[in-house]
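An overview of the molecular structure
Here is how the chains run, residue by residue.
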Amino acid sequence: MSTMIFAQAAKTVPKLCRKAVSPLMSQQSYKSSKSDAVPMANLEPDTVLPYKKLYENLECIRDRLDHPLTLSEKILYSHLEDPYEQEIERGKSYLLLRPDRVSMQDATAQMAMMQFISSGLSKVAVPSTIHCDHLIEAQTSGELDLQRAIENNKEVYDFLQSSSAMYGLGFWKPGSGIIHQILLENYAFPGLLMIGTDSHIPNAGGLGGVCVGVGGADAVDVMAGMPWELKCPNIIGVHLTGKISGWTSPKDVILKVAEILTVKGGTGAIIEYHGEGCESISCTGMATICNMGAEIGATTSVFPFNERMVKYLCATGRGAIAEEAKKYEEMLIPDEGCKYDKVINIDLDKLEPLVNGPYTPDLAHPISKLGENSEKNGYPMNIKVALIGSCTNSSYEDLGRCASIAQDAIDHGLTTQIPFNVTPGSEQIRATIERDGILDVLQKFGGTVLANACGPCIGQWDRKDVKKGEKNTIVTSYNRNFTGRNDANPATHCFVTSPEMVTALAIVGCLSFNPLKDELTDSKGKKFKLKEPKADELPSNGFDPGEDTYTAPPKGKRSKVTVNPKSKRLQLLQPFEKWDGKDFTDLTVLIKVKGKCTTDHISAAGPWLKYRGHLDNISNNMFIGAVNAENNEMNKVKNQRSNDWGTVPDVARDYKANKIKWVAVGEENYGEGSSREHAALEPRHLGGVAIIVKSFARIHETNLKKQGLLALTFSNASDYDKIQPNSKLSLLNLAKLTPGEPVECEIKTGGSSEKIKLNHSFNAEQIEWFKAGSALNRMKETLSKLK
């Protein structure tokens, strides 16, 4: 059925007047008659799809708004806590929502579970899972790397598994695969509202869900049975026409959107794809596009329900879900005539393969211009390493298309000229491509198969071929390419592109190669061109699940979770102090950050991942990657108390020990990138009280608020220049902190002073977080009143 027919059907649905139902997906709230019950998946046989109740909520919203709705609006508004009274205004109102489920990866789950434990609750209120994918470092090969990770991270894995059992979460063991692939294979469904503690949770938008990356504190709220708060997003429509074909891939769609919107152009918005072009993209291809929407700051991305989703659901053993979704098709596509805040048009027939980078995912080069642009900009032309896979591009179709290119090269006596690393997205993908011969082809091509984990994509890469500081180029099918992201080497020029293009470039090992036009010389001296990549969208013999890596929460009595107080990896949390009701006066500037400041700059990953469950230890990486405006150096700031120079964490600890409150100052899109809340927890832990910048990335701004920090922006961006390293800042009249009203800031430098205005986006409840010392403190206060 076409989108137009879907939309017309949506207009004819009768209006309903009945009590709204909170669509909290739990075994208790969604038990219904046998005729209504449609199991979510074999993993959760007691949990059923929420369509009927969501439909009732949505009709209440239709009565109120009386205008055509986008798909994003349908999914969000049908999950409202109170669809009758909720204020709804895009870009302004704060929505209170009831997500269907929570998902967490092992690096962020540690702190999230620490917070949940400190809440005093006995069990999660919604279906929740933990996925072990971040702590496995790529060194030699998948099997050896996995075994080493299990040994090195035993304490953390034991904690996550025991706390999962204690509090009722599903647990995916190390080796199971990357969280986003697991969610797509097992839990995602059209119309889903899910939050997860990873910025690439939007991957599941490829199956028609609104799935949003959040910090751990947000996850704790939902697991505690409280509504989740989200500023009502704007909706950016991306209208796709034509068809994906040839060398062009779904990855090129999001690379093009990134070029158009830039890394902050999607902030505060959901990217909603629509148009007949969607029909030419596989479900996993749509997931790729949604996954990388995080790189443009989008709240999430979503595709409308279509036959490609039906095929994928059936192939992954969820045909019953597909059939149920068909009954509610009008809920799962946009209404005809719905309004977008902005529309981007992309003709897939004319879309050329793109290679984006280095150092930012929005710097796009058409493959026909890559060599020329690289020469002009002085990028290292020779490619040192090629890497395919990751959560963005590790589907059966992706790796099959890469294998077709590799086989073409092998047939001509050629293989990769450089190290070629392959990361399967899940155990199911690994087992299936092994059975079907795809893995064998990639290995004969010269590929090294890494563990089913994030690996080099997040900096878990023990790279040996270049020294730190050595200028070099790598090409990946990953999603991020910030400075030092993959190998902690700031001189590495990382380009992101499709896995097909990575594979082709590996054959030559140079950025100047264009597989669409350039010829190669085979082993017999003959010229040939690579064939266009081809592969099956889904395995004709079905998926092979591989090893069983899932542990369901046990029924009955649960064991207690303990944390060794001497542990260097895990640390129980102590509540942050409440605000004392006084203005913050004469605050010291810890660091004035110059240029891009992602969460990687604030709280580095890579070797620091092992401390994600220990707040004090991981705080030793705070701001070590940020450039200090005073000296253009990283991790070197002047201690304004002693006049000595030191590392940022050391100076912050000195200030804390001497009861000196401090602020950090930054520029545009501060905190872009990962959802990691450690980038907010660490400044709070080491004595920070406010972060003042030109603009924030969405997730990080929320994380700062959740931890009791004042997240403030310059009313006039040029006021950034008025603050000097030796300035003292006072934030005044905080007792009157009010939504929509700026904060007065006095800047004292030398013998002069000046007052400026700082904006904020705190609503009334978020101000209570600040006063309580953190959102967790506020939640405890609320729960204690309910007892």
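Everything below is about the structure shown above.
In this numbering scheme, every chain counts its residues from 1 along its sequence in written order. Side-chain atom pairs in this predicted model are given and counted only at pLDDT of 80 or more, local residue features only at pLDDT of at least 70, and totals for whole chains, interfaces and linings cover all residues. Derived side-chain values reflect all non-hydrogen atoms in the structure, with water molecules and hydrogen atoms excluded from consideration.

**Regarding helix α15 (residues 427-435)**
An α-helix turns once per 3.6 residues; consequently, residues spaced three or four apart project the same way. Stated precisely, the cut-off is as follows: Buried residues are those whose accessible area, probed at 1.4 Å on protein chains only, stays under 20% of the maximum for their type, while exposed residues exceed 50% and partly exposed ones sit between those limits. A run of H or I in DSSP becomes a helix once it reaches four residues, and a run of E becomes a strand once it reaches two; helices and strands are each numbered from the N terminus. Contact definition: two residues touch when any of their heavy atoms are within 4.5 Å.
Along α15, the residues classified as buried are Glu427, Gln428, Ile429, Ala431, Thr432 and Ile433. Those residues of α15 that are buried are in contact with α7 (179-186), α14 (396-411) and α16 (438-444). Trailing α15 by a residue or two, Gly437 shows a phi angle of about 85°, which is positive.

**Points about the nonpolar core**
The condition is simple: To define a nonpolar core, start from buried Ala, Val, Leu, Ile, Met, Phe, Trp, Tyr and Cys residues and group those joined through side-chain atoms within 4.5 Å.
Among the nonpolar cores identified, the biggest contains 187 residues, and Met104, Leu240, Tyr273 and Phe303 are the most heavily contacted of them. Leaving out residues up to four positions away in the same chain, Met104 has contacts with Ala109, Ala112, Met113, Thr129, Ile130, His131, Leu169, Ile179, Thr197, Ala219 and Met223.

**Quick look at a positive patch on the surface**
The condition is simple: Patch membership requires over 30% relative accessible area and the absence of a salt bridge. Like charges are linked within 9 Å, and nonpolar side chains (Val, Leu, Ile, Met, Phe, Trp, Tyr) within 5 Å. Each accessible area is a Shrake-Rupley estimate made with a 1.4 Å probe; only the visible protein chains count as cover when residues are assessed. Within this document, salt bridges are pairs made up of a side-chain nitrogen of Lys or Arg and a carboxyl oxygen of Asp or Glu, the two lying within 4 Å of each other. Counted as positive: Lys and Arg. Counted as negative: Asp and Glu, with His and the chain ends omitted from the count. Charge positions are represented by NZ for Lys, CZ for Arg, CG for Asp and CD for Glu.
A cluster of basic residues, Lys369, Lys376, Lys517 and Lys529, forms a positive patch at the surface. Along the chain, Lys376 falls in helix α13 (residues 367-377). Since its relative accessible area comes to 63%, Lys376 is described here as exposed.

**Some words on the packing of aromatic side chains**
Applied cut-off: When the centres of two rings from Phe, Tyr and Trp lie within 6.5 Å, Trp using its six-membered ring, the rings pair. Their planes under 30 degrees apart give stacked, over 60 give edge-to-face, and anything left gives tilted. The rule is short: NZ of Lys or CZ of Arg within 6 Å of the ring centre and within 35 degrees of the ring normal puts a charge over the ring.
Across all of its chains, the model carries 15 aromatic pairs by this definition. Centroid distance Tyr273 to Phe303: 4.6 Å. Interplanar angle 5°. Geometry classified as stacked. Here Tyr273, found in strand β11 (residues 269-274), pairs with Phe303, found in the loop between β12 (300-302) and α11 (307-315); they are 30 residues apart in sequence, far enough to count as distant. When its relative accessible area of 0% is taken as the criterion, Phe303 is described as buried. With centroids separated by 5.1 Å and ring planes inclined at 85°, the aromatic side chains of Phe420 and Phe445 adopt a geometry described as edge-to-face. Here Phe420 is found in strand β17 (residues 420-423), whereas its partner Phe445 is found in the loop between α16 and β18 (447-449), with 25 residues between them in sequence. In this structure, Phe420 and Phe445 share a single accessibility class: buried. One aromatic cluster is present, formed by Tyr51, Tyr55, Phe189 and Tyr328 through successive ring pairs. Sitting above the plane of the Trp645 ring, Lys636 keeps its charged end 5.8 Å from the centroid.

**A short note on the pairing of strand β10 (residues 234-241)**
Threshold: At least two bridges found by DSSP between two strands are what make those strands a pair. For the handedness criterion, the strands are oriented away from the viewer, and a crossover whose path from the first strand over the helix to the second runs clockwise is classed as right-handed.
Sheet topology places β10 next to β11; six bridges connect them, and they run parallel. Following the sheet pairing, Asn234 is matched in β11 by Ala269. The parallel pair β10 and β11, bridged by helix α9 (residues 250-261), forms a crossover whose chirality is right-handed. Relative to strand β13 (residues 342-347), β10 runs parallel, the two being bridged by six bridges. By the bridge assignment for β13, Thr241 is matched with Asp347.

**Some words on the sheet that holds β10**
Keep this limit in mind: Simply put, an axis is a line fit to the C-alpha atoms, just over the touching stretch for a helix, and the angle between two N-to-C directions goes from 0 to 180 degrees.
As summarised here, the arrangement of the four strands in space is β12-β11-β10-β13, forming an open sheet in which the pairing is parallel. Taken across any chain shown, the strands that pair with only one partner, and hence form the sheet edges, are β12 and β13. With strand direction ignored, the average angle separating the axes of adjacent strands in the sheet is 20°. Across the sheet, α9 touches β10, β11 and β13, and the angle it forms with β13 is around 135°.

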